[in-house]
Amino acid sequence: MNACNELSFIKKVTSVLLGIILGLLVLDGFLSSAAPTTVHLLSRNAVDGGNKIHYNAATEYEDYLPSGISGWNNLGGPKFAKDTASTVQDLKISDVYSKGEATYGLYVPIIGGQDKIYFNIYMMDKLPSTNQKSVVAHELGHAIGLGDHYSGYSGALMYGYGNSNKNTKPQSHDKSDFNKLWK
Ligand SMILES: [Zn+2]
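First, a word on scope: everything that follows refers to the structure included in this document. What you see is a predicted model, and the numbers here were worked out from it, not measured in a lab. (Residues numbered from 1 in each chain as written. Predicted model: local features only at pLDDT ≥ 70, side-chain atom pairs only at ≥ 80, totals over all residues.)

1. Concerning unusual backbone geometry
Thought 1: For Asn-51, which is not glycine, the phi torsion reads 65 degrees and is therefore positive.
Thought 2: Within the fold, Asn-51 resides in the loop between helix 1 (3–31) and strand 1 (52–58). (Helix = DSSP H or I, 4+ residues; strand = E, 2+ residues; numbered from the N terminus.)

Listed below in structure tokens is the structure:
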């Protein structure tokens, strides 16, 4: 992929994600009258019929995957597991390099296909390693179905601003959203 195509591709996936976020805000507004706390869930996730996310990763940030994965796997719901010859790959994790997009990572659900997580090397490499680790765990949280948190949730792993988040494991509100979706 050349740089130009890469950029337009990122813009495209960002608008898909924006659509999801906008949908989520509407949903949050609707739910807030009935639920005591706001829930942050995506309408899609990478979990297959066997309650697994079979993933394949080729990324500079691969060293941070085991920590991110164990944080979610330990919550007792769907499990991330490495894709093998006998499984269907549910999620592909890879990198892009884009100076034009102020995004650290993106989760892109693909209807009827393999979901994607992209890390933007250009942005990620500006971050200290703890924040990089946090972004990796955060994007995995999207793949398991959780949405971004914004105001009032700055301590959450799913807080939407990767440059300020130093938590690398799910926090209490992440867990309560997870439990609403999977328990
Ligand atoms: Zn996010």
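2. Regarding helix 2 (residues 65–73)
Thought 1: Among the residues of helix 2, those classed as buried are Gly-68, Ile-69 and Trp-72. Relative to the axis of helix 2, the buried residues are bounded by an arc of 95 degrees and lie together on one face. In this structure, helix 2 carries Pro-66 and Ser-70 as exposed residues pointing more than 90 degrees from its buried face.
Thought 2: Its buried side turned inward, helix 2 meets strand 2 (79–82) and helix 4 (129–143). (Buried ≥ 20, exposed ≤ 12 C-beta atoms within 10 Å, placed from the backbone. Arc of directions from axis to C-beta. Contact = placed C-beta atoms within 7 Å.)

3. A look at the sheet that holds strand 3 (residues 91–96)
Thought 1: Strand order across the open sheet formed by 5 strands is 2-1-3-5-4, with mixed pairing between neighbours. Strand pairing shows two members of the sheet lacking a second neighbour, strand 2 and strand 4 (105–108), which therefore form its edges. The mean angle between the axes of side-by-side strands here comes to 25 degrees, regardless of whether they run parallel or antiparallel.
Thought 2: Here strand 1 runs beside strand 2; their pairing, made up of 4 bridges, is parallel. Of the residues in strand 2, the one forming a bridge with Lys-52 is Lys-79. (Pairing = 2+ DSSP bridges. Axes fitted to C-alpha atoms, helices over the stretch in contact; angles between N-to-C directions.)

4. Looking at the pairing of strand 1
Thought 1: In terms of handedness, the path from strand 1 via helix 2 over to strand 2 forms a crossover that is right-handed.
Thought 2: Looking at chain direction, strand 1 and strand 3 are connected through 4 bridges and run parallel. Considered in strand 3, the bridge of Ala-58 is made with Ser-94. (Right-handed = clockwise from strand over helix to strand, strands pointing away.)

5. Describing the nonpolar core
Thought 1: Counting residues in hydrophobic clusters, the biggest one holds 32 residues, and the most contacted among them are Ile-53, Leu-91, Leu-140, Ala-143 and Ile-144.
Thought 2: The element best represented in this core is helix 4, accounting for 5 residues.
Thought 3: If we ignore the near neighbours within four places in the chain, the residues touching Ile-53 are Ala-46, Val-47, Asp-48, Pro-78, Phe-80, Asp-90, Leu-91, Ala-143 and Ile-144. (Core = buried A, V, L, I, M, F, W, Y, C linked by C-beta atoms within 7 Å.)

6. Looking at the environment of Gln-171
Thought 1: For Gln-171, the location among the structural elements is in the loop between helix 4 and helix 5 (172–182).
Thought 2: Put simply, Gln-171 and Gly-155 are 16 residues apart on the chain and 7.4 Å apart in space, counted from C-alpha to C-alpha.
Thought 3: Apart from residues no more than four positions distant in its own chain, Gln-171 is found in contact with Gly-155, Ala-156 and Leu-157.

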